[in-house]
Amino acid sequence: MIALASDHGGFRLKEEIKEYLREKGFQVKDFGTDGEGSVDYPDFAWRATKAVAGGECQKGILICGTGIGMSITANKVRGIRAALCHDSFSARMAREHNDAQVLCLGQRVVGTGLALDLVRIWLESNFTGGRHCSRVEKIEQYEKEK
Ligand code: RB5
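One structure accompanies this document, and this report is about it. (Residues numbered from 1 in each chain as written. Predicted model: local features only at pLDDT ≥ 70, side-chain atom pairs only at ≥ 80, totals over all residues. Heavy atoms only, no water.)

**Section: the sheet that holds strand 2 (residues 28–30)**
The cut-off we apply is this: Pairing between strands is defined by DSSP: at least two bridges between the two strands are required. Here a strand is any run of E in DSSP of at least two residues, a helix any run of H or I of at least four, and the numbering for each starts at the N terminus. Angles here are taken between N-to-C directions and fall from 0 to 180 degrees, while the axes themselves are lines fitted to C-alpha atoms, restricted in helices to the stretch in contact. In this description, contact between two residues means that some pair of their heavy atoms is separated by no more than 4.5 Å.
A sheet is described by the order of its strands in space; here five strands give the open sequence 2-1-3-5-4, paired in parallel fashion. The sheet is open, and its two edges are formed by strand 2 and strand 4 (82–84), each paired on a single side. The sheet shows a mean angle of 20° between the axes of neighbouring strands, direction not considered. Sheet strands touched by helix 1 (residues 11–23): strand 1 (2–6), strand 2, strand 3 (59–64) and strand 5 (102–106). Its angle to strand 1, the strand with the most contacts, is close to 160°. Strands in contact with helix 2 (residues 41–53) are strand 1, strand 3 and strand 5; relative to strand 1, the strand with the most contacts, it is inclined by about 170°.

Structure representation (C-alpha cells):
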C-alpha cells in the first residue's frame, strides 16, 4: 500500500500520481487533500507519514508546491527518511543509499512527465545495503538522542 498526500499546491499532481499508480496495479491510500482550497501541508504530511511509520503503508509520496514543507514535516516522524527529489539520479539514490520510505515532490517545480518518471524510478529502486546500513542505523541512533 502506498500512502499519498498533498496540500492544495500539490493536489493536481497527487491526482495524476494516484491514477498512474492504480494503472500500474499499486494499491493507494489517499490521505487528502481533496481539492485546490487552501489547507495546511503539515496536517496531510503528518497523517500519511504516520501510516508509513506504523506499517499500514509501505511507502509514501507527498506533494506540495515545492515539496519542501512536506519533506520537513515527514522527517519529523520517528523512523522516517523522506527525500525531496526533482531529478532521476536523486530519486534512485534516495532508495539505493538512503532507503527513503517517503518521496516528496513539488508540483510547482516539476512537470507531470518528470514527476511520474521520478515516481517510477524511486519505486523500482531498492536499498543496496552494505556500507549504507550502518549509516542509516546512525540516523536512527541520532534520532534517539533528540
Ligand atoms: C502553499 O502555498 C505552499 O507553501 C506549499 O504548497 C509548499 O510549497 C510548502 O512547502
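**Structural notes on unusual backbone geometry**
Omega for the peptide link from glycine 32 to threonine 33 comes to 5°, which places this bond in the cis form. Within the fold, threonine 33 resides in the loop between strand 2 and helix 2. Even without glycine at this site, aspartate 99 takes up a positive phi of about 50°. Mapping aspartate 99 onto the fold places it in the loop between helix 4 (88–96) and strand 5.

**A few points about the site of the ligand**
Heads up, the condition is: Proximity is defined per residue: any heavy atom of the residue falling within 4 Å of a molecule or strand makes that residue near it. For the purposes of these results, a polar contact is taken to be a pair of N or O atoms within 3.5 Å, where, inside protein, one atom must be able to donate a hydrogen and its partner to accept one; residues adjacent in sequence count only when each atom of the pair is a side-chain atom. Throughout, the Shrake-Rupley method with a 1.4 Å probe supplies accessible areas, and for residues the shown protein chains are the sole cover considered. Here the nonpolar group is Ala, Val, Leu, Ile, Met, Phe, Trp, Tyr, Cys and Pro; Asp, Glu, Lys and Arg are the charged ones; every other residue, Gly included, is treated as polar.
Around the ligand lies a shell formed by Asp7, His8, Tyr41, Cys64, Gly65, Thr66, Ile68, Gly69 and Arg108. Between the ligand and the protein, one listed contact pairs an oxygen atom with a backbone N or O atom of threonine 66 at 3.0 Å. Take glycine 69: an N or O atom from its main chain is 2.8 Å from an oxygen atom of the ligand. Surface burial for the ligand is 72%, taken as the share of its 290 Å² of free accessible area covered by protein chains. Along the lines of polarity and charge, the residues of the shell around the ligand split into three nonpolar, four polar and two charged.

**Focus on helix 5 (residues 112–124)**
Selection rule: Here, expected helix span is obtained from the residue count minus one, scaled by 1.5 Å. Relative accessible area decides the class of each residue, using a 1.4 Å probe on protein chains only: under 20% of the type maximum gives buried, over 50% gives exposed, and in between gives partly exposed.
With 13 residues, helix 5 should reach 18 Å at 1.5 Å per residue; the first-to-last C-alpha distance of 18 Å fits that figure. Listing the buried residues of helix 5 in full gives Ala115, Leu116, Leu118, Val119, Ile121, Trp122 and Leu123. On its buried face, helix 5 is in contact with strand 1, helix 1, strand 3, helix 4 and strand 5.

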